[in-house]
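So the chains spell out like this:
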Amino acid sequence: METAHLTKEWKQFKSGTDIRGVAMESPGGEPVNLTDEAVYRMAMGFACWLARRMTKERFTVSVGHDSRLSAGRIQKQVVSALVDAGFTVKDCGLSSTPAMFMTTVQLGCDAAVQITASHHPWPRNGLKFFTRGGGLEGADIEAILLSAQNAEQLPATGQGSVQQVHFMNDYAASLREIICQGVNADDYERPLRGYHIVVDAGNGVGGFYAEKVLAPLGADISGSQFLEPDGHFPNHIPNPENEAAMQSICKATLQNKADLGVIFDTDVDRAGCVDHNGREINRNRLVALAACIALEENEGGTIVTDSITSSGLKLFIEQELGGKHHRFKRGYKNVIDEAQRLTAQGVNTPLAIETSGHAALRENYFLDDGAYLMTRIIIKMAQLGKTGRHLEDLIAMLEEPLESQEFRMPILCEDFKAYGEQVISQVEAYARSQPDWQIAPDNYEGIRVAFDRAHGDGWFLLRLSVHDPIMPLNIESDSMGGVMMIAHRLYEVLKDCGELDLTPLKKFME
């Protein structure tokens, strides 16, 4: 009889809406669990999942990968399984994750598989799946892993085959055309002539954006760095949220006197940028800029963000831009799903964006695509440039916190979700008993509490991590010393939570 639930061995591969595991040995690292057999069974599990959802005899699935060292080995197993299932496989080679989704639009593929682990350390890898409807949900990943666990096979209805496809060239061409149309310069084919744009690909797959999108349009890309794919990621973590990575692109932008700096994560579903003064446009500033662009043709529209956005951002979206701010759960898929839900209800929702740099515009299939976001920002830069204005002028009225800190506190017990919920309930009960603890009415995860000027002049959000046994705590304040004041007040509530490791918070308060 088949197993109805995932065993611990197979459950370990589920990472939200992706599959992830250890693909290579490393000194002192974890043992490899993403073996050839495991990957083959996962890909066959996806074939079974797809066959159950689409009534047809022949399937076409694209397969691509980022720059990870284990990509070739894993791709071989994925392709082998899909061919054994009788599928036609379009081998796209080195590709960005958003481009792989676009194969379902531009190439008519029934589905796509991207081999990536985003910004995770180099020994890790994973699988990400798309259909024309977008990325799969967590329940779909569980179903695929259950099929893999049970070693299900899809009987082939015909001979499978493999075709080599250079889709990244087509994808780059489509981005070039969007810029040409958006800028509509006198020199239509070279709309970025006179602009200097520095790209940092972090040795992921984002180098194509400099070489195949910007340069052919006339942009000066000198000073761009780490464009060569290298799965060791030798220069910095390919992650716009990483402080060293952002410092690197800020420095490159200033040194080269560039008009704009652009940074991508490994597989280009996230991005950040830097203005001509070398100041990063990231997190709340990136959300604000993207909201400016999205609301231009969607007056009064709703912007969906994750839960840790600042109070100043809400004021900016609603008072400066005339939009509505819908603060939702952390996790890019949660934010995108919520925007799609609102859209289906008839709510004008042009943008879903997480502070990590995942940005999905409705006009682009609600696909979180870092290259598309940068394309829209570059168009706006060129439009503003015609009148001598700059990108940062659009977000000049954004009020930013004076202080901001994040603490990631491990939960030490096995049933971490239940314990985390217990901690949140305890904090909420305390907050309700305190007249100066103002619980946010529009919060969808954890607990968010605001304080007036006399008691911290800011807010905290305590929540459960989407995937890990960790409770992230974000604190912001508009006054010097406010974060410390709020931290001390919350610590008094948390200090007796024995299974919550408060070390990060204690170190800050020392």
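Report follows, based on the coordinates. (Residues numbered from 1 in each chain as written. Predicted model: local features only at pLDDT ≥ 70, side-chain atom pairs only at ≥ 80, totals over all residues. Heavy atoms only, no water.)

### Some points on the overall build of the protein
Move 1: Looking only at helices and strands, the protein has 16 helices and 22 strands in total.
Move 2: The C-alpha radius of gyration computed for the protein amounts to 23 Å, which stays within 12% of the reference 24 Å derived for 510 residues, consistent with globular compactness.
Move 3: Along the three orthogonal principal directions, the C-alpha set of the protein runs to about 70 × 65 × 50 Å.
Move 4: Burial status across the protein gives 58% buried among its 510 residues.
Move 5: Partitioning the contacts of the protein with sequence separation of at least 6, the portion at a separation of at least 24 is 69%.
Move 6: As displayed, the protein offers around 20,900 Å² of accessible surface, 48% of which is attributable to carbon and sulfur atoms. (Helix = DSSP H or I, 4+ residues; strand = E, 2+ residues; numbered from the N terminus. Rg over C-alpha atoms; globule rule 2.2 N^0.38 Å. Buried < 20%, exposed > 50% of the residue type's maximum accessible area, 1.4 Å probe, protein only. Contact = heavy atoms within 4.5 Å. Areas by Shrake-Rupley, 256 points an atom, 1.4 Å probe, with all protein chains shown as cover.)

### Overview of the pattern of salt bridges
Should their charged atoms come close, side chains of opposite charge can pair.
Move 1: Within the structure shown, the criterion is met by 30 salt bridges.
Move 2: R285 is the partner of D275 in a salt bridge, and the nearest nitrogen-oxygen pair spans 3.8 Å. With D275 in the loop between β11 (271-274) and β12 (280-281) and R285 in helix α9 (residues 284-295), this residue pair connects regions lying ten residues apart in the sequence.
Move 3: Between K314 and D442 there is a salt bridge; the shortest N-O distance is 3.1 Å. Of this pair, K314 sits in helix α10 (residues 311-320) while D442 is found in the loop between β19 (438-439) and β20 (447-451), placing the two residues 128 residues apart along the sequence.
Move 4: Classification of D442 by relative accessible area gives partly exposed; the value is 22%.
Move 5: Linked through salt bridges whose partners overlap, the residues forming this network are E241, D265, R270, R283, D306, R330 and E354. (Salt bridge = Lys/Arg side-chain N within 4 Å of Asp/Glu carboxyl O.)

### With respect to the packing of helix α2 (residues 36-53) against helix α5 (residues 138-149)
Move 1: Interhelical geometry of α2 versus α5 gives an angle of 120 degrees and a closest axis separation of 8 Å. When the axis of α2 is compared with that of α5, the two are oblique. With respect to the hand of their crossing, α2 and α5 are arranged in right-handed fashion. Packed against α2, whose contacting residues are R41, M42, G45, F46, C48, W49, R52 and R53, the element α5 presents D140, A143, I144, L145, S147, A148 and Q149 at the interface.
Move 2: Residues of the contact of α2 with α5, tallied by class, amount to eight nonpolar, three polar and four charged. (Axes fitted to C-alpha atoms, helices over the stretch in contact; angles between N-to-C directions. Parallel < 35°, antiparallel > 145°, perpendicular 65-115°, else oblique. Left-handed = near helix turned anticlockwise from the far one by under 90°. Nonpolar A, V, L, I, M, F, W, Y, C, P; charged D, E, K, R; others polar.)

### Observations concerning the sheet that holds strand β10 (residues 260-264)
Move 1: With mixed pairing, the four strands of this open sheet are ordered in space as β9-β10-β11-β12. Because the sheet does not close on itself, it has two edges, and the strands there are β9 (197-200) and β12.
Move 2: In the sheet, β10 pairs with β11 via four bridges, with the strands oriented antiparallel. Residue pairing for β11: G261 is matched across the bridge by V274. (Pairing = 2+ DSSP bridges.)

### A few points about α10
Move 1: Along α10, the residues classified as buried are G312, L313, K314, F316 and I317.
Move 2: Looking at the buried residues of α10, the elements they touch are α9, β13 (302-305), β14 (324-327) and α13 (391-394).

### What about the packing of aromatic side chains?
Move 1: Applying the stated criterion across every chain, the model contains 15 aromatic pairs.
Move 2: Ring centres of F101 and F130 lie 5.9 Å apart, and the angle between their planes is 65 degrees; this geometry places the pair in the edge-to-face category. Within this pair, whereas F101 is found in helix α4 (residues 97-106), its partner F130 is found in strand β6 (residues 124-131), the two being separated by 29 residues in sequence.
Move 3: F101 sits in the buried class, given a relative accessible area of 1%.
Move 4: The interplanar angle of 65 degrees and the centroid separation of 5.2 Å between the aromatic rings of F407 and F508 together place this pair among those described as edge-to-face. One end of the pair, F407, is in strand β18 (residues 403-410); the other, F508, is in helix α16 (residues 503-509), with 101 residues separating them in the sequence.
Move 5: Take F407: its relative accessible area is 4%, and that puts it in the buried class.
Move 6: With relative accessibility at 23%, the residue F508 sits in the partly exposed group.
Move 7: Members of the aromatic cluster, each reached through a chain of ring pairs, are Y171, F208, Y209 and F264.
Move 8: Directly above the ring of F59 sits K56, whose terminal nitrogen or CZ lies 5.9 Å from the centroid.
Move 9: Over the face of the ring belonging to W459 we find R448, whose NZ or CZ atom lies 3.6 Å from the ring centre. (Phe/Tyr/Trp six-rings, centres within 6.5 Å; stacked < 30°, edge-to-face > 60°. Lys NZ or Arg CZ within 6 Å of the ring centre and 35° of its normal.)

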